[in-house]
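Architecture at a glance
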Amino acid sequence: MIKYLGSKRRLVGEIGDLLTATDAATAVDLFTGTTRVAQEFCRRGAQVTAVDVAAYSEVLAQCYVETDVASIEPAEVAEALRRLSQLPDRRGYVTEVFAEQARYFHPDNARRIDAIRDGIDAWYPDGPLRPILLTSLLEAADAVDSTVGLQMAFLKEWAPRALRPLRLRPPVLVPGSGRALRCDALEAVRTMGPVDLAYLDPPYNQHRYYTNYHVWETLVRWDAPAHYGVACKREDARDPATKSAFNYRSRMPQALAEVITQVRATTVVVSFSNEGFLPLAEVLELCEARGHPVRVLAHDTRRYIGSAIGVYSPGGVKVGTQGPSRNVEYLLVSAPEEVQERLPRFASQISC
Ligand SMILES: C[S@@+](CC[C@H](N)C(=O)[O-])C[C@H]1O[C@@H](n2cnc3c(N)ncnc32)[C@H](O)[C@@H]1O
């Protein structure tokens, strides 16, 4: 699984328990990111739709949510990865931009990435193996990157993992064949059919996933975009069409209210953090507008490593202050009384 800001690694078990306790057979993960939560829903037997605006997230969802593990022959994946791993090095966009101009990857690994990414287009332009191979490449590249988990900057000295050779591994697929949907959550809730449970994990603040993970976006789109700045971000990041309403303090409350009230689901679970644009009381109010009781679960968690290190310019000069090392992650569970009654009392439950 790739390193991802806001990924619900620690909460995924509890979110899965909510799906099980509510007997949900169908679910939507509306801001799916790494698809970690959607995968958990699949493992627990639900029919899942995974939604996100990012191209890399769509590929991850095609691999982990749309592809049923039973439909894939592991030997075929192993053979495809072996063929791709044997391709000769190539100096392409990743090498020139992400290893020579920026330093996200060691040039030795960047040449492997260029060769393998071209190989996927040449040999697997479509078909069921394609998202699996792209996911394998994304995860392999993530395992040798030289960042603190965000692609707004890279480390001054190579991270030790960046010096290890890139290795393709087969993604660990899960059962069930759900659906990957690349679209705005606001659009998805207007067009999707009803589900038993909807999980909402929107961006909490101004930090944009489109720029934080622009390298993955380019690796999947493979469109060699014009770029700007030291971080070599995609030129189209300046285009308003790539900006999410959830990243604006002024637009986010309305957007979140719309998604919460319009999603057709019996149970709605909203993830939120004490560092978001809105205080807990206001998110609670948005959930209560559905007309059902709301439970609140709270988790004190460690923030991503960049916050502990602080922010440095590419020249190694400290330009930002160190943030708090911990934050509180909330899960707000809105469901009709009869569904709430089926839920166990979670240790993390708080009263508001
Ligand atoms: C907090 S992250 C989700 C993390 C995810 N739950 C996980 O465990 O990996 C928020 C996600 O929302 C996506 N996103 C941002 N704006 C969106 C929008 N308007 N519609 C759908 N997805 C959006 C981002 O691309 C990002 O993947």
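Heads up: these notes are all about the structure in this document. None of these values were measured; they are calculated from a predicted model. (Residues numbered from 1 in each chain as written. Predicted model: local features only at pLDDT ≥ 70, side-chain atom pairs only at ≥ 80, totals over all residues. Heavy atoms only, no water.)

**Thoughts on the pattern of salt bridges**
By the definition in use, this model includes 24 salt bridges. Where Glu96 meets Arg91, a salt bridge forms, and the shortest distance between an N and an O atom there is 3.5 Å. Taking the relative accessible area as the measure of exposure, Glu96 reaches 32% and is therefore partly exposed. We classify Arg91 as partly exposed; its relative accessible area is 47%. For Asp145, the salt bridge identified is with Arg161, shortest N-O distance 2.8 Å. Of the two residues, Asp145 is situated in the loop between α7 (129-143) and β3 (179-182) and Arg161 in the loop between α7 and β3; the sequence distance between them amounts to 16 residues. Three or more residues joined by partner-sharing salt bridges are found here, namely Glu217, Arg221, Asp223, Arg234 and Asp236. (Salt bridge = Lys/Arg side-chain N within 4 Å of Asp/Glu carboxyl O. Buried < 20%, exposed > 50% of the residue type's maximum accessible area, 1.4 Å probe, protein only. Helix = DSSP H or I, 4+ residues; strand = E, 2+ residues; numbered from the N terminus.)

**What to know about the side chain of Ser273**
As for its placement among the helices and strands, Ser273 is situated in strand β7 (residues 265-273). In terms of polar contacts, Ser273 uses its side chain to reach the backbone amide nitrogen of Glu275, at 2.8 Å. Leaving out residues up to four positions away in the same chain, Ser273 has contacts with Tyr204, Asn327, Val328, Glu329 and Tyr330. (Polar contact = N/O pair within 3.5 Å; in protein donor to acceptor, adjacent residues only side chain to side chain. Contact = heavy atoms within 4.5 Å.)

**Observations concerning the site of the ligand**
Near the ligand you find 20 residues, and of these Tyr4, Thr34, Asp52, Asp201 and Ser244 are the closest. With respect to the ligand, the side chain of Thr34 contributes an N or O atom lying 2.6 Å from an oxygen atom. Between the ligand and Asp184, the relevant distance is 3.1 Å, taken from a nitrogen atom to a side-chain nitrogen or oxygen of the residue. Burial of the ligand by the protein amounts to 98% of the accessible area it has alone, namely 610 Å². Among the residues forming the shell around the ligand, the class breakdown is 10 nonpolar, six polar and four charged. (Near = heavy atom within 4 Å. Areas by Shrake-Rupley, 256 points an atom, 1.4 Å probe, with all protein chains shown as cover. Nonpolar A, V, L, I, M, F, W, Y, C, P; charged D, E, K, R; others polar.)

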